[in-house]
Structures are given as structure tokens and as C-alpha cells.
Amino acid sequence: MESVIESTERDTKKEKQPECESCSSIQGAVEKSEAAANKQCSRLDPQEEKTKAAFVSNKRDFSDPVYKEIAASNGYINRMSKEELRAKLASLKLETRGVKDVLKKRLKSHYKKQKLLQAAQTEASSTDTYYDFICVIDFEATCEENNPNDFLHEIIEFPIVLINTRTLEVEDTFQKYVKPEVNIQLSTFCTRLTGITQDIVDKADTFPQVLQNVIDWMKSKDLGTTYKYAILTDGFQDQAPS
């Protein structure tokens with residue numbers, strides 16, 4: 001009798017084994033399918049990814065004003081009735097079905113994403129290139145009436161006009177004459193064209209000293225440290241005098 005029972009139990013286990021293996025396979029397939037679906041949803045919702053990135057970048061700094069705005073929005077939503085919640089969700093073209101707590105959570109999530117994205121965009125725009133001042137430069141250089149191709153132009157005047165980009169007013173000016181070291185004698189044409197005479201450049205400092213004066217002047221204006229600036233020239237000749 002015992003032998004018959006043991007044989008029956010073994011047969012029963014053998015019969016059930018394929019069914020368990022089949023269930024396991026089905027469950028594994030379902031899990032893989034759900035994972036793939038979740039992954040696909042993530043790919044199809046770039047806005048959600050941006051929101052997540054914005055939240056992660058700011059999650060440790062809860063002193064950021066954006067979190068105060070989110071808290072204020074949450075408080076307002078908590079005081080809304082179910083009808084008000086549905087009306088607001090409908091106006092935002094969001095799902096309106098569910099109990100009151102679900103509706104509140106849905107609306108809070110929407111505003112949280114919206115405010116984090118706005119904060120991220122504001123932060124990004126604040127890093128865009130913007131200059132506080134523009135240094136307008138118009139060099140004068142040695143020249144001849146018919147310059148040969150190999151003529152070496154040397155700066156003989158280094159003027160800068162500092163423009164405030166917010167007021168569009170002249171903030172300050174810098175001006176120094178420069179003593180040439182290659183063509184030390186100015187041509188009559190050069191003096192007539194620039195108005196700079198020989199005795200003026202003879203008394204001036206050489207270019208390295210004047211350039212240092214320019215750097216010191218710019219530092220005194222906090223250019224490149226406190227304030228961002230750009231250099232604007234009259235033309236390509238002023239950008240690379242040879």
C-alpha cells in the first residue's frame with residue numbers, strides 16, 4: 001500500500017513539474033515585457049527626462065526659491081475641493097479620473113515638473129554669453145602713402161572707449177601714444193593722416209609698457225573678473241596690426 005502511495009506521489013510531482021516550468025517561463029516573459037515597456041516610455045518622454053535631470057541637479061539644495069514655490073503650490077492644491085481639482089486638471093488637459101488624493105497628487109506632480117523645468121531654463125539662460133562692457137579700440141599705426149607689401153605697421157596710438165552695455169553710456173576712456181621701434185621716423189603722410197607728430201611718439205613709451213598700462217587700467221575697472229567684456233575694433237586692420 002505504501003509503495004502504491006509513493007508511486008502515486010512521484011507521478012503527481014512529475015505531472016506538475018512541466019506546469020511549474022511553464023508558469024515560470026510565462027512570468028519571466030511578463031517581467032521582461034513590463035521592463036521593455038517602461039524603458040520605451042522613458043524614451044518617448046524626453047520632457048520627463050529633463051524634469052528628472054533638473055530635479056537631480058537641485059535635489060540637495062532645498063534652499064533654492066523654486067522649492068518654496070512648489071511648497072506654496074502644494075498648499076494651495078491641498079485646500080482645493082474635488083470639483084476644483086478636476087476643473088484645473090481639465091484646463092491643463094490632464095486626466096480627471098480618480099479619488100481626491102489621486103487628483104491632488106497628479107496636479108502637484110504637474111506643477112512640480114513645470115517649476116523645476118522653468119528653474120533649469122532660467123539657470124541655463126543666465127549662463128549665456130552677455131557682456132557688461134565693450135572696449136572699443138581704434139588703433140593708429142605707422143604707414144606710408146603707398147605701403148610696400150612688406151611694410152611693418154607699428155601701433156603709435158592705443159585708445160579705448162569703455163561702453164556700459166546696460167546704459168549705452170561711455171563709462172571711461174584710455175589713451176596712450178606709442179613709440180615705434182622699427183620705423184621710428186613717421187612719414188609726412190602718416191602725420192597728415194593721423195594727426196600724430198614725431199615729437200609726440202618720441203616722448204611716448206614703447207608698446208610693451210603701454211600694453212601693461214592697458215592691462216592695469218582694465219584690472220582697475222574689474223574687467224575680466226567682476227565684469228565680462230568684449231573688444232570691438234574698427235576693422236580687421238585693428239585686429240591684427242602687423
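The following paragraphs examine the structure supplied in this document. Keep in mind that what you see is a predicted model, and the values were worked out from it rather than measured.

Let us now look at the overall build of the chain. From N to C terminus, the chain includes 9 helices and 6 strands. Looking at the chain as a whole, 24% of its 242 residues are labelled buried. Of the contacts formed within the chain by residues at least 6 apart in sequence, a portion of 57% connects residues at least 24 apart.

Attention now moves to the pattern of salt bridges. Under the definition given, this model contains 5 salt bridges. Note that Lys104 is salt-bridged to Asp101, the shortest N-O span being 3.8 Å. Taken together, the positions of Lys104 and Asp101, both in helix 5 (residues 100-126) and 3 residues apart, correspond to about one turn of that helix.

A few words now on the packing of aromatic side chains. Here the distance between the centres and the angle between the planes together describe a pair of aromatic rings. Scanning the entire structure with this criterion turns up 4 aromatic pairs. For the pair Phe139 and Phe158, a centre-to-centre distance of 4.7 Å together with 80 degrees between the ring planes defines the contact as edge-to-face. With Phe139 in the loop between strand 1 (133-137) and strand 2 (140-141) and Phe158 in strand 3 (residues 155-164), this pair connects stretches of sequence that are 19 residues apart. Phe139 gets classed as buried once you look at its relative accessible area, which sits at 15%. One aromatic cluster in this structure is built from Phe139, Phe158 and Phe207.

Strand residues, when the strand is regular, have side chains that alternate between the two faces of the sheet. The alternating pattern of strand 1 places Phe133, Cys135 and Ile137 on a buried face, while none of Ile134 and Val136, on the opposite face, is buried. Looking at chain direction, strand 1 and strand 3 are connected through 5 bridges and run antiparallel. The residue of strand 3 that forms the bridge with Ile134 is Ile163. Where strand 1 lies against strand 6 (residues 229-233), 5 bridges are found, and the strand directions are parallel.

Here is what the cut-offs are and how they apply
Residues numbered from 1 in each chain as written. Predicted model: local features only at pLDDT ≥ 70, side-chain atom pairs only at ≥ 80, totals over all residues. Heavy atoms only, no water. Helix = DSSP H or I, 4+ residues; strand = E, 2+ residues; numbered from the N terminus. Buried < 20%, exposed > 50% of the residue type's maximum accessible area, 1.4 Å probe, protein only. Contact = heavy atoms within 4.5 Å. Salt bridge = Lys/Arg side-chain N within 4 Å of Asp/Glu carboxyl O. Phe/Tyr/Trp six-rings, centres within 6.5 Å; stacked < 30°, edge-to-face > 60°. Pairing = 2+ DSSP bridges.

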